[in-house]
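Next come the chains, spelled out residue by residue.
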Amino acid sequence: MTTSPKSEALKIAPSEADKDMPEAEANGSFNLKRNKSLSDFFGKDSDDDGMDDGNDEQQQAAASSATDDGHNSNNSNANNTNDQKKSSMTRAWSTEWCDTRVVMLGDGADGESDRDAKDRGDGGEGSAAAAAADDQPYETSECIEIPPRPLSESKWMRRDSIPPNGPSETPPSIEELKSWQFDVLSYQREALISSFASVLEYYDIPAKYSIGTDALHNFSAYAMERHNPDAAYHNWHHGVSCMHMTFLLLSLGGADAYLTDDHIFALLFAALVHDVDHAGHNNDFEVKTATDRAAQYGNDAVLENHSLTITYEEILIREGCDIFSGMKADGREEEWKALLEMAKEYVLWTDPARHGELLKTLAKKHEEASPPACTSLWSRDDPESRSLLCRMIIHAADISNPVHSNFAVVRDWCSRISTEFALQAKKESEAGLPVTPFMDGLDDEYRVSKQQIGFYQWMAIPFFTMVAKCLPDAAEVGSQCTRNKKRYEDIVAHIDDVRKSGEVKEDKGDN
């Protein structure tokens, strides 16, 4: 078989799951609708949310569309005023309308159900260690200096200060990878090349799909090179992090019991490459600035479609990098096409614009399932069940940094995405565009912490609470997410207390 992925990948028809989308196109480029209102974003009718109708316009403006790391973003509006361009984070993440949604999927005030609280620390390997770590004394003053450091000088991004001697050059073992405590950022880029092979070998994928050792190494090494090294967040470490959390939800979370080998292979592959050649800003920025890339993909899932194009048309056709060549040689062309089709579907579902739709679908499915949910929620024999489970896993993995058990790791990732946000806000301002509200004013650790509280309330806690309900063996992700939000709240409260005491003057922009 001499057909290259470049010529074949573009002819792949939408998968069965994609056909459910009203505007799926046969060429594989999907018209993914963006959320235009709070009810769309959170999958609940506005009449039931208990909010003040008089604030709907402001609320919908602040949550109109989503960013690439799972934060919701504000689309450009021709009528925006200069004041709207400089809108504060308080407007973007208003506590008054965040709290309404926090309890949508949970029974507690922080989105944690009674069952989650009871099962805390019982969510698979590593959960006991995480629970024990959470019981240790926690000093807020250790997390932040007074006055708060500017983001550009923050020590939250650990870089070479990772203990004991900076990022490791030694590749992690499968035992290290199979842990909720694994820290991708504690390894140098090259040390993570073998991680993809390790998780595939855990499921015996190379043998089942005739993947040669050299091809697997070459593919991973070139995938690393094609990630943007200048992006603070959306880089190779994020790709490996997404792949790693996908592996954990499959193995420790128990999702692999409901999936075929094809789904597991396609899901891990998609997770690794979903942000190849990322631009360091979100889809909304591509659309607002009318880039050639946005035009190429019809303003929909711009960055996700671009990552697929680079993967299929550049990485896989590079000499020695085609991990599907063994399947082609074995005459398994239809299976190869199906794998690429599934991987394409999963990458496109990392577009945060689909967050609300996915959460609504999961909530409905969970509600309809008879308890215990895990026995009737998923079925290995049901194609739609498998597809939904894979969508949930890859989206959860993509925004999983808030659920790490080590808060130093959480803050590290936070400082990286905040750096990208601040850079995008600067570019928007310089271009005379409306500044995305929650990206505006991320000047120091205090403001970043306030922004994170809103992100946890709006997006992370509701989604990971649902993940924990859908995969009880992964309950760790729900409870840890709630704990990390509390730590950001402690940071903000600590600084507020110090300022009230008169030791530090409050900046005007913090209100």
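Position labels on residues start from 1 in each chain and follow its written sequence. In keeping with the model being predicted, local features are shown solely for residues with a pLDDT of at least 70 and side-chain atom pairs are shown and tallied solely at 80 or more, while totals for entire chains, interfaces and linings include all residues. Note that water and hydrogens are dropped before the side-chain values are worked out from all heavy atoms of the structure.

K.L.:
Looking at this model, I keep getting lost on the overall build of the protein. Mind explaining?
P.N.:
Labels follow the DSSP assignment, with helices taken as runs of H or I lasting at least four residues and strands as runs of E lasting at least two, numbered in each case from the N terminus. For the protein, the helix and strand inventory stands at 25 helices and two strands. Exposure classes here rest on a 1.4 Å probe applied to the protein chains alone. A residue is buried below 20% of its type maximum, exposed above 50%, and partly exposed in between. The proportion of buried residues among the 511 residues of the protein is 59%. Should any heavy atoms of two residues lie within 4.5 Å, those residues are counted as being in contact. Long-range contacts, defined as pairs at least 24 residues apart, comprise 76% of the intrachain contacts of the protein with a sequence gap of at least 6.

K.L.:
Got a minute to help me understand helix H12 (residues 213-225) in this structure?
P.N.:
Working note: α-helix, 3.6 residues per turn, so residues spaced by three or four point in the same direction. To estimate how far a helix should extend, the number of its residues minus one is multiplied by 1.5 Å. Helix length check: H12, at 13 residues, gives a terminal C-alpha distance of 19 Å against a target of 18 Å (1.5 Å per residue), a fit within 8%. For H12, the set of buried residues is Ala215, Leu216, Phe219, Ser220, Ala221, Tyr222, Ala223 and Met224. In this fold, the buried residues of H12 make contact with helix H10 (195-202), helix H11 (205-208), helix H13 (236-251), helix H14 (261-273) and helix H17 (302-315).

K.L.:
Just to check I follow, could you spell out the nonpolar core for this structure?
P.N.:
A general trend in soluble globular proteins is that nonpolar side chains are found buried together. One finds Phe196, Leu268, Phe269, Ile323 and Phe324 to be the most contacted residues of the largest nonpolar core, which totals 119 residues. No other element matches the 13 residues that helix H24 (residues 445-470) contributes to this core. Excluding residues that lie within four positions of it along the chain, phenylalanine 269 makes contacts with Phe196, Phe219, Thr311, Tyr312, Leu316, Ile323, Phe324 and Ala343. Among buried residues, the Ala, Val, Leu, Ile, Met, Phe, Trp, Tyr and Cys ones that are joined through side-chain atoms within 4.5 Å form a nonpolar core.

K.L.:
I'm lost on H14 in this one. Help?
P.N.:
Taking 1.5 Å per residue as the helical rise, H14 with its 13 residues ought to reach 18 Å, and the 19 Å between its terminal C-alpha atoms agrees with that figure. Burial analysis of H14 places 11 of its 13 residues in the buried class, which makes it a mostly covered element. Listed in full, the buried residues belonging to H14 are His263, Ile264, Phe265, Ala266, Leu267, Leu268, Phe269, Ala270, Ala271, Leu272 and Val273.

K.L.:
Got a minute to help me understand the pattern of salt bridges in this structure?
P.N.:
When their charged atoms lie close together, side chains carrying opposite charge are able to pair. Salt bridges are counted wherever a side-chain nitrogen of Lys or Arg sits within 4 Å of a carboxyl oxygen of Asp or Glu. Here the structure, examined in full by the defined rule, presents 19 salt bridges. Across the pair arginine 226 and aspartate 277 runs a salt bridge, and its minimum N-O distance is 3.8 Å. With arginine 226 in the loop between H12 and H13 and aspartate 277 in the loop between H14 and helix H15 (283-288), the pair connects residues that are 51 residues apart, well separated along the chain. This pair shows no difference in class: arginine 226 is buried, exactly as aspartate 277 is. Within the structure, one salt-bridge network assembled from shared partners comprises Arg158, Asp183, Asp412 and Arg416.

K.L.:
Honestly, the packing of H10 against H13 in this entry has me stumped. Any pointers?
P.N.:
The geometry of a pair of packed helices is captured by two quantities: the angle between their axes and the separation between those axes. Angles run from 0 to 180 degrees between N-to-C directions of axes, and those axes are lines fitted to C-alpha atoms, restricted for helices to the stretch in contact. At their nearest, the axes of H10 and H13 sit 10 Å apart, and the two run at 15° to each other. Between H10 and H13, the crossing angle belongs to the class labelled roughly parallel. For the element pair H10 and H13, the recorded crossing hand is left-handed. On H13, the residues that touch Ser195, Phe196, Val199 and Tyr202 of H10 are Val240, Met243, Phe247 and Ser251. Polar here means any residue outside two lists: the nonpolar Ala, Val, Leu, Ile, Met, Phe, Trp, Tyr, Cys and Pro, and the charged Asp, Glu, Lys and Arg; Gly therefore counts as polar. Taken together, the residues of the contact of H10 with H13 break down into six nonpolar, two polar and no charged. Just so you know how the angles are binned, under 35 degrees is roughly parallel, over 145 roughly antiparallel, 65 to 115 roughly perpendicular, and the rest oblique. Each crossing gets its hand from how the near helix is turned against the far one by less than a right angle, where anticlockwise is left-handed and clockwise is right-handed.

K.L.:
Sorry if this is basic, but what is going on with unusual backbone geometry here?
P.N.:
Trans is the common state for peptide bonds, and a negative phi is the common state for residues other than glycine. One non-glycine residue, serine 210, adopts positive backbone phi at about 55°. Inspection of the secondary structure assignment puts serine 210 in the loop between H11 and H12. Overall, the relative accessible area of 30% leaves serine 210 in the partly exposed class. Positive phi is not limited to glycine here, since alanine 301 has a value of about 45°. For alanine 301, the position within the fold is in the loop between helix H16 (292-296) and H17. Since its relative accessible area comes to 0%, alanine 301 is described here as buried.

K.L.:
I keep staring at the packing of aromatic side chains and nothing clicks. Help me out?
P.N.:
Both the distance between ring centres and the angle between the ring planes are used here to describe each pair of aromatic rings. Here a Phe, Tyr or Trp ring, Trp counted by its six-membered ring, pairs with any other such ring whose centre lies within 6.5 Å, and the pair is stacked when the planes are under 30 degrees apart, edge-to-face when over 60, and tilted otherwise. Overall, the coordinates contain 16 aromatic pairs when judged by the stated rule. Ring geometry for phenylalanine 463 and phenylalanine 464: centres 6.0 Å apart, planes at 85°, overall edge-to-face. Its relative accessible area of 1% is what places phenylalanine 464 among the buried residues. Criterion for a charge above a ring: Arg CZ or Lys NZ at most 6 Å from the ring centre, at most 35 degrees from the ring normal. Note that arginine 318 overlies the ring of tyrosine 222, its terminal NZ or CZ placed 4.0 Å from the centroid. Seen from the ring of tyrosine 446, arginine 499 lies directly overhead, with NZ or CZ sitting 4.4 Å from the centre.

K.L.:
How should I be thinking about the environment of isoleucine 323 in this particular structure?
P.N.:
Assignment of secondary structure puts isoleucine 323 in the loop between H17 and helix H18 (325-329). For isoleucine 323 and phenylalanine 219, which are 104 residues apart along the polypeptide, the C-alpha to C-alpha distance reads 6.9 Å. Every residue in contact with isoleucine 323, bar those within four places of it in the chain, is listed here: Phe196, Ile211, Ala215, Leu216, Phe219, Phe265, Phe269 and Leu316.

K.L.:
Is there a simple way to explain the packing of H13 against helix H22 (residues 383-398) in this structure?
P.N.:
Across the interface, H13 lies against H22 with an axial gap of 8 Å and an inter-helix angle of 135°. If you check the angle between H13 and H22, you find them oblique. As H13 runs across H22, the sense of the crossing is right-handed. On the side of H13, the interface is formed by His238, Cys242, Met245, Thr246, Leu249 and Leu250, while H22 contributes Ile393, Ile394, Ala396, Ala397 and Asp398. A per-class count over the contact of H13 with H22 returns eight nonpolar, two polar and one charged.

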